[in-house]
Amino acid sequence: MTSGSFDFAPLLAAGLPAPAAKWTGLPRYNFTGGNNDADHVPVDRLIAAATAVLEREGPTLATYGLASGPLGYRALREFLAEKLKRTAGMSCNADEILITSGSLQAIDLVNGVLLARGDTVLIEQETYQGALTRLARLGVTLVGIPLDGEGMRMDALAAALDHLARRGIRPKYIYTIPTVQNPTGTIMGEQRRRELLRLSEHHGVPIFEDDCYADLIWDGRRPPALHAMSNSGGVIHIGSFSKSIAPALRVGYIVARWEILARMLALKTDAGSGALEQMVLAEFCASHFTDHVPKLTRGLRAKLDTLMESLAEHFGTSAEFDDPKGGIFLWVKLPDGVDTQKLAQAALASGVAINPGPDWSTDKAYGKSRLRLCFASPSKEAIRDGVATLAEVCRREFGVPTRIANVEQRARA
Ligand SMILES: Cc1ncc(COP(=O)(O)O)c(C=O)c1O
């Protein structure tokens, strides 16, 4: 361990975020984060892809950006252009795709070119925590738009846009996760997408479409991307390989017109995202992406079934949820008296990690008795045992569930 008494504290830059907590290892039952299913990482095929691409093109690693330039490895961008056409109906070419270090960097770059302190953005009321924390740090005003079973509600969006227009405010973007929403798991239908595009064009407010779960739909069928349906070009689309292949690879992408990508490239100061990951992915995806994804989603669906059965068994009617259309999360409502921030702390002490609802919502009161459970990474056995432990902790701390699988529980001594 490094030792010494030099004091950096007085030298730290002003306005830094709070320090990170030290990592203490993975909890026994981990329902947090956007982790994937370890059994479905296609390790053998990734090894074969790595060997093949390195034997063929290894010397190009001598050049920043390989021989492909700053947008990222060309073969990967060409795969994406073809795949996005086939699955999401998008017409874009490889020069309209920027490869990023995960889609988190994509979010940072979109924010970097569009946002300044004091700006306003519209965002789904329940949404990705990583987007919320970034916007808070940037000092941006968030207007949360409530959701229903089809995602962002257009009546509420229209009212918010009108209200802001009356006050002379033009929001910088409408951020949406329309295809398997995080955390609610809904999919926005085509008609609603049309209405969203109409409102965006009418008010001159671009759409920021985050599509990172779009490959993980149980029946494999998805509506066209908003980017594909837009006539005005006012949609910036981002995606990721984190959910379809593996998050540790850290490969995401942005699809946008060149003039906006050019502004982002000027902010992307890392001299290119990790080249080896891009090369391996391009090699793997060309032959295996299409058959890998249905295998992964079948495994995820089976784990979701285990989770929903375990919740029914251990929480009975105290846990309410809708069956998500795909993805890796279940969004759960517990009785009003449960504070999921406190539950999360107590559960962690018993080895169960959960994401409390307020972190995933612009409306902290609405999120208070809700929680998000990631079912992709724990094994089925861990899901069962973890939910049983969570129910025990919840009963101890909040007196619910009083009934398990609709069977009254005797108070424990
Ligand atoms: C909606 C959404 N967008 C973006 C990300 C960032 O993912 P990554 O940086 O791994 O691509 C996540 C991760 O969970 C997410 O849920």
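Residues numbered from 1 in each chain as written. Predicted model: local features only at pLDDT ≥ 70, side-chain atom pairs only at ≥ 80, totals over all residues. Heavy atoms only, no water.

*Asks:* In this structure, what is going on with the state of the cysteines? I would like to understand it.
*Replies:* One covalent bond between the sulfur atoms of two cysteine residues makes up a disulfide. Taken as a whole, this structure holds zero disulfides when the rule is applied. You can see C212 has no disulfide; the closest cysteine sulfur is in C374, sitting 12 Å from it. (Disulfide = S-S within 2.5 Å.)

*Asks:* Which parts of the structure should I look at to understand the site of the ligand?
*Replies:* Inspection of the region around the ligand gives 15 residues, with S103, D210, Y213, S240 and S242 positioned closest. One of the side-chain nitrogen or oxygen atoms of S242 is found 2.6 Å away from an oxygen atom of the ligand. Notes on the ligand: free accessible area 390 Å², of which the protein chains cover 95%. For the shell around the ligand, the element with the highest residue contribution is helix α3 (residues 102-114), accounting for four residues. Residue composition of the shell around the ligand, grouped by class: seven nonpolar, five polar and three charged. (Near = heavy atom within 4 Å. Polar contact = N/O pair within 3.5 Å; in protein donor to acceptor, adjacent residues only side chain to side chain. Areas by Shrake-Rupley, 256 points an atom, 1.4 Å probe, with all protein chains shown as cover. Helix = DSSP H or I, 4+ residues; strand = E, 2+ residues; numbered from the N terminus. Nonpolar A, V, L, I, M, F, W, Y, C, P; charged D, E, K, R; others polar.)

*Asks:* Got a minute to help me understand the side chain of T176 in this structure?
*Replies:* On the secondary structure map, T176 appears in strand β7 (residues 174-176). Separated by 2.4 Å, the side chains of T176 and E124 make a polar contact. Each residue touching T176, except ones within four places of it in the same chain, is listed here: E124, M152, M188, L196, I207, F208, E209, D210 and L226. (Contact = heavy atoms within 4.5 Å.)

*Asks:* What should I look at first to understand the pattern of salt bridges in this one?
*Replies:* Here the idea is simple: oppositely charged side chains can pair when their charged atoms come close. If you walk through the whole model with that rule in mind, you get 27 salt bridges. R134 is the salt-bridge partner of D108, the closest N and O atoms lying 2.7 Å from each other. Note that D108 is positioned in helix α3 and R134 in helix α4 (residues 129-138), a separation of 26 residues in sequence. Judged by relative accessible area, D108 falls into the partly exposed class, the value being 37%. (Salt bridge = Lys/Arg side-chain N within 4 Å of Asp/Glu carboxyl O. Buried < 20%, exposed > 50% of the residue type's maximum accessible area, 1.4 Å probe, protein only.)

*Asks:* Would you mind going over the sheet that holds strand β13 (residues 355-356) with me for this structure?
*Replies:* Taken together, three strands build an open sheet; the order of strands is β11-β14-β13 and the sheet is antiparallel. The open sheet is flanked by β11 (329-333) and β13, the only strands paired with a single partner. (Pairing = 2+ DSSP bridges.)

*Asks:* Mind showing me how you'd approach a nonpolar patch on the surface here?
*Replies:* Residues F6, F8, L11, L12 and L16 make up a contiguous nonpolar surface patch of roughly 600 Å² in combined accessible area. If you trace the backbone, F8 turns up in the segment before β1 (29-30). With a relative accessible area of 54%, F8 lands in the exposed category. (Patch = residues over 30% accessible without salt bridge, like charges linked within 9 Å, V, L, I, M, F, W, Y side chains within 5 Å.)

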